[in-house]
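# Coordinate inspection notes
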Amino acid sequence: MDLILLGAPGAGKGTQGALLAERLNIPKIATGDILRDAVRRETALGLEAKRYMDAGALVPDDVILGLVRDALAEPEAERGAIFDGFPRTVAQAEALTGILAERQRSLDAIALLEVPDETIVERLAGRRTCGQCGRVYNVAANGESGVSRCDHCTGELIQRIDDAADTVRRRLQEYRTKTAPVVAFYDARKVPVRRVDGDRPVEEVQHDLLELVHR
Ligand code: AP5
């Protein structure tokens with residue numbers, strides 16, 4: 001099973017992708033998480049990517065495609081993967097077709113999480129991420145005082161630099177100009193893009209996604 005989760009920043013791709021990965025027992029390949037890990041480890045790739053990420057701009061396609069190839073070469077990805085935050089440009093989408101074909105695979109499902117901009121801005125202002133394990137929280141759901149430590153690994157919860165209001169605006173702009181055309185790209189192909197209302201409780205969205213993959 002190879003599945004893409006599309007959607008604007010803050011639409012819930014990471015949240016839903018983590019739940020799906022557990023249910024389907026396949027890895028989530030989240031290019032944003034891979035990049036943040038490289039930034040934390042201060043690798044050459046991380047240092048290059050950080051400039052783009054902090055500004056809310058997309059990282060160049062060749063860098064991203066190298067990361068995805070490496071992730072798909074891992075044994076755990078042999079049975080499939082959930083792509084979260086990838087592809088984000090039409091060039092990445094075209095390349096993914098080829099990368100999967102090299103492995104005699106093709107996409108099984110594509111879901112687009114639809115969430116209004118005002119909800120996105122609220123969600124990203126309240127997002128906190130565990131600095132150790134990457135688990136995602138929201139102060140709106142837990143209350144500011146209830147989310148200082150990760151309840152999974154007790155790591156410190158931090159606010160992403162790119163969740164600052166100005167940077168969120170830039171990310172939404174990048175989404176509209178570079179990633180929205182990816183939806184049109186897939187709409188014109190044989191695997192349909194399923195629209196899922198992402199502005200509902202996490203469990204309801206997850207229910208619809210599971211239905212979609214079991215179709
Ligand atoms: P990336 O990490 O992929 O960021 P993004 O796409 O902007 O998505 P987010 O992680 O912000 O949101 P999400 O949809 O995962 O939502 P989440 O589940 O966390 O990319 C970061 C940067 O890396 C990019 O800007 C770019 O620079 C670079 N990059 C990454 N991939 C790239 C690529 N392929 N090409 C080029 N550059 C790339 O939820 C958000 C919040 O809402 C959380 O607090 C969560 O708890 C809450 N929430 C989730 N669902 C619900 C719900 N149903 N109801 C209420 N609250 C909810």
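### Considering helix α8 (residues 165–187)
One turn of an α-helix holds 3.6 residues; hence residues three or four places apart share an orientation. Taking 1.5 Å of rise per residue, the 23 residues of α8 would be expected to cover 33 Å, and the 31 Å separating its terminal C-alpha atoms lies within 8% of that figure. Along its length, α8 reaches its greatest deviation from straightness, about 40°, at Arg176. Buried within α8 we find Thr167, Val168, Arg171, Leu172, Glu174, Tyr175, Thr179, Val182, Val183, Phe185 and Tyr186.

### Section: the site of the ligand
Neighbouring the ligand are 34 residues; Thr15, Ala57, Arg88, Arg127 and Arg171 lie closest to it. Within the backbone of Gly12, one N or O atom sits 3.0 Å away from an oxygen atom of the ligand. With respect to the ligand, the backbone of Gly14 contributes an N or O atom lying 2.8 Å from an oxygen atom. Put simply, the parts of the chain that give the shell around the ligand at least two residues each are α1 (13–24), α2 (31–40), α6 (117–126) and β6 (136–138). The element best represented in the shell around the ligand is α2, accounting for 4 residues. Here the residues of the shell around the ligand are counted per class, giving 15 nonpolar, 10 polar and 9 charged.

### Concerning the sheet that holds strand β2 (residues 28–30)
Hydrogen bonds between backbone groups are what pair the strands of a sheet, and the pairing can be parallel or antiparallel. Pairing in this open sheet of 5 strands is parallel, and the strands run β2-β3-β1-β4-β8 from one edge to the other. The sheet is open, and its two edges are formed by β2 and β8 (193–197), each paired on a single side. Strand-to-strand twist in this sheet, taken as the mean axis angle between neighbours without regard to direction, amounts to 25°. Sheet topology places strand β1 (residues 2–7) next to strand β3 (residues 81–84); 4 bridges connect them, and they run parallel. Along β3, the bridge assignment pairs Ile4 with Phe83. Each of β1, β2, β3 and β4 (109–114) touches α1; the most contacted strand, β1, lies at about 165° to it. Against the sheet, helix α9 (residues 202–213) makes contact with β1, β4 and β8, and its axis sits at roughly 160° relative to β8, the strand it touches most.

The rules behind each value
Residues numbered from 1 in each chain as written. Predicted model: local features only at pLDDT ≥ 70, side-chain atom pairs only at ≥ 80, totals over all residues. Heavy atoms only, no water. Helix = DSSP H or I, 4+ residues; strand = E, 2+ residues; numbered from the N terminus. Expected span 1.5 Å × (residues − 1). Bend = angle between axes of the 7 residues up to and from the residue. Buried < 20%, exposed > 50% of the residue type's maximum accessible area, 1.4 Å probe, protein only. Near = heavy atom within 4 Å. Polar contact = N/O pair within 3.5 Å; in protein donor to acceptor, adjacent residues only side chain to side chain. Nonpolar A, V, L, I, M, F, W, Y, C, P; charged D, E, K, R; others polar. Pairing = 2+ DSSP bridges. Axes fitted to C-alpha atoms, helices over the stretch in contact; angles between N-to-C directions. Contact = heavy atoms within 4.5 Å.

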